[in-house]
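# Overview (structure and organization)
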Amino acid sequence: MADKNDLRKWNASRMPDLSGRRAVVTGANSGIGLVAAGELARAGAHVVFAVRDPERGRAAAATVTGSTEVRRLDLADLSSVREFAGSWDGPLDLLINNAGVMMIPQQRTRDGFEMQFGTNHLGHFALTNLLLPYVTDRVVTVASGAHRWGDAVIRFDDLNMTAHYDPQRAYAQSKLANLLFTLELQRRLTESGSPVRALAAHPGYAATNLQSHAANPVARVLMRFGNTFLAQDDKAGALPTLYAATQDLPGASYVGPDGLGEMRGAPTLVGRTPAASDPAAARRLWTASEELTNTTFPLVAAPSTTA
């Protein structure tokens, strides 16, 4: 495994040859998802653009050099998630749970979930469990430094924030859920004896169109300023995802930029809050997510070798 000094210099040109490998990238039609999909394809992987709007997905895939295809996936609609997974056939080396929405006005998914929790967490939770029998290498889920915001916790008594909706808190909860999901997924993979690894990554402050949908107009103005003068571009923002997807890292690793406040820089292993490291909360969230999505972990525990 590379030492820290070597990690600091890592960029997409150092990715290994991925010829013969298959990858799914959700939300691959723009931002860091498009960059990640493009770099994986350039390295030889066959990349499936899993996108809500196939027309936009085809336009995005046309900008990429390498082997690609486009399939419809709406993470805010569990029937679409099931349709996507049901059509899958053959091995899947890499699943990148990248798509997401950020600080939007209060909305509901087709299944009635708060949109940010439903899209960013529950949609990817269901997708991962349904595809896991095909996954051969790893699952990478894109989280965020927003999991640190304020009193970020999982509101188990009101996951959909029906009592009091706050766009920032809802986003922070969904990103905290991404990290707890990764933690519990890795525990279950290890327990089942699976070689598949679950990892998480965050892009730091990357300039994408994700911030343009914030519910608060003042926040939109501030983020436009930040995108222009403070943020790194989407190519740099995709590096933690690509590092987590291709390098030899332990399961449950979390990758982000190495700069001040993890806002920008080269990919490195980063820490997370105690709330994002709580195994009891991770198990409780998993159980709740199974009930909400009607999906379960598909692998069985490995038999004990002890007498």
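Just above sits the structure.
Source: prediction; values computed, not measured.

### Topic: helix 6 (residues 167-192)
The end-to-end C-alpha distance of helix 6, which contains 26 residues, comes to 37 Å, matching closely the 38 Å that a straight helix rising 1.5 Å per residue would cover. Summarising burial for helix 6: 20 of the 26 residues are buried, a large majority. Measuring from the backbone nitrogen of Gln168 back to the side-chain oxygen at the start of helix 6 gives 3.1 Å, which picks out Asp166 as the cap.

### Quick look at the pairing of strand 4 (residues 92-97)
Most of strand 4 is tucked away: 6 of the 6 residues are buried. One ladder, built from 3 bridges, connects strand 1 (residues 22-26) with strand 4; its direction is parallel. Looking at the pairing, Val24 lines up with Leu95 of strand 4. Relative to strand 5 (residues 135-142), strand 4 runs parallel, the two being bridged by 5 bridges. Note that in strand 5 the partner of Asn97 across the bridge is Thr141. You can see the chain leave strand 4, run along helix 5 (residues 115-131) and come back into strand 5, and the turn it takes is right-handed.

### Details of the packing of helix 6 against helix 10 (residues 279-293)
For the pair helix 6 and helix 10, the least separation of the axes is 8 Å and the interaxial angle reads 95°. Here helix 10 runs roughly perpendicular to helix 6, going by the angle between their axes. Within the contact between the two elements, helix 6 uses Ala177, Leu180, Phe181, Leu183, Glu184, Leu185, Arg187 and Arg188 and helix 10 uses Pro279, Ala281, Ala282, Arg283, Leu285, Trp286 and Glu290.

### As for the nonpolar core
Grouped together as the largest cluster of nonpolar side chains are 45 residues, with contacts concentrated most on Val24, Phe84, Leu127, Leu131 and Leu185. Sorting the residues of this core by element identifies strand 2 (46-51), helix 4 (78-86), strand 4, helix 5, strand 5, helix 6, strand 6 (197-201) and helix 10 as the ones contributing at least two each. Ranked by the residues each element gives to this core, the list is headed by helix 6, at 7 residues. The residues touching Leu127, leaving out its near neighbours within four places in the chain, are Thr26, Leu73, Leu75, Val81, Phe84, Leu95 and Asn97. Membership of the second largest hydrophobic core comes to 36 residues, among which are Ala37, Leu40, Phe49 and Ala206.

### Here's the deal with the packing of aromatic side chains
Scanning the model with the defined rule gives 7 aromatic pairs in all. On the basis of an interplanar angle of 50° and a centroid distance of 5.9 Å, the ring pair of Trp149 and Tyr171 is categorised as tilted. A residue pair is termed long-range when its members are at least 10 positions apart, and Trp149 in the loop between strand 5 and helix 6 and Tyr171 in helix 6 qualify at 22 residues. A relative accessible area of 35% means that Trp149 is categorised as partly exposed. Here Tyr171 falls in the buried class, since its relative accessible area comes to 5%. For the pair Phe181 and Trp286, a centre-to-centre distance of 5.7 Å together with 15° between the ring planes defines the contact as stacked. Of this pair, Phe181 sits in helix 6 while Trp286 sits in helix 10, and the two are 105 residues apart along the sequence. Accessibility assignment for this pair places Phe181 and Trp286 in one class, buried. Ring pairing ties together the aromatic residues Phe125, Phe181, Trp286 and Phe297, which thus form one cluster.

Reading the values: the criteria
Residues numbered from 1 in each chain as written. Predicted model: local features only at pLDDT ≥ 70, side-chain atom pairs only at ≥ 80, totals over all residues. Heavy atoms only, no water. Helix = DSSP H or I, 4+ residues; strand = E, 2+ residues; numbered from the N terminus. Expected span 1.5 Å × (residues − 1). Buried < 20%, exposed > 50% of the residue type's maximum accessible area, 1.4 Å probe, protein only. Polar contact = N/O pair within 3.5 Å; in protein donor to acceptor, adjacent residues only side chain to side chain. Pairing = 2+ DSSP bridges. Right-handed = clockwise from strand over helix to strand, strands pointing away. Axes fitted to C-alpha atoms, helices over the stretch in contact; angles between N-to-C directions. Parallel < 35°, antiparallel > 145°, perpendicular 65-115°, else oblique. Contact = heavy atoms within 4.5 Å. Core = buried A, V, L, I, M, F, W, Y, C linked by side-chain atoms within 4.5 Å. Phe/Tyr/Trp six-rings, centres within 6.5 Å; stacked < 30°, edge-to-face > 60°.

Functional significance is not addressed by these values, which are geometric in nature.
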